[in-house]
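Structural features, examined
One-letter residues, chain by chain:
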Amino acid sequence: MSQIKSKVKDYILENLLKGGKSIEITDHTHLLENGIVDSISTLHLVVFIEKEFQVKFEPHEVKTQNLQDLEHIEKFILNKVAEK
């Protein structure tokens, strides 16, 4: 697992999973469909990604396609870093 995916996964496990949920998150685990994130926790995830990786989400980029799983999150971050 890449460093980006690992950091995002650790953040999700430590900060977003509530109520003692025990779930294995892989590169392709759909975060919304599996109830790992909801609309509010998605915003917390966006803030974390912006701070941790020094990227900026435009309003139209905060969508399921970019945040559905660790694989898509990593691709989004790498694309944003490449744009700098």
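These notes cover the structure that comes with them. (Residues numbered from 1 in each chain as written. Predicted model: local features only at pLDDT ≥ 70, side-chain atom pairs only at ≥ 80, totals over all residues. Heavy atoms only, no water.)

**A few points about the packing of aromatic side chains**
The geometry of two aromatic rings is summed up by the distance between their centres and the angle between their planes. One pass over the structure, following the stated rule, counts three aromatic pairs. Judged by centre distance (4.1 Å) and plane angle (10°), the ring pair of Tyr11 and Phe48 falls under stacked. Linking Tyr11 in helix 1 (residues 3–16) with Phe48 in helix 2 (residues 39–53), this pair joins segments that are 37 residues apart in sequence. Judged by its relative accessible area of 15%, Phe48 falls in the buried class. Grouping aromatic residues by their ring pairs yields a cluster made of Tyr11, Phe48 and Phe53. (Phe/Tyr/Trp six-rings, centres within 6.5 Å; stacked < 30°, edge-to-face > 60°. Helix = DSSP H or I, 4+ residues; strand = E, 2+ residues; numbered from the N terminus. Buried < 20%, exposed > 50% of the residue type's maximum accessible area, 1.4 Å probe, protein only.)

**Here we look at the packing of helix 2 against helix 4 (residues 70–83)**
The N-to-C vectors of helix 2 and helix 4 enclose an angle of 45°; their axes lie 12 Å apart at closest approach. The orientation of helix 2 relative to helix 4 falls into the category oblique. Here the hand of the crossing between helix 2 and helix 4 comes out right-handed. Where helix 2 abuts helix 4, its residues Leu45, Ile49 and Phe53 lie against Ile73, Ile77 and Val81. Among the residues making up the contact of helix 2 with helix 4, the classes are represented as six nonpolar, no polar and no charged. (Axes fitted to C-alpha atoms, helices over the stretch in contact; angles between N-to-C directions. Parallel < 35°, antiparallel > 145°, perpendicular 65-115°, else oblique. Left-handed = near helix turned anticlockwise from the far one by under 90°. Contact = heavy atoms within 4.5 Å. Nonpolar A, V, L, I, M, F, W, Y, C, P; charged D, E, K, R; others polar.)

Function-wise, these values are silent; they only describe arrangement.
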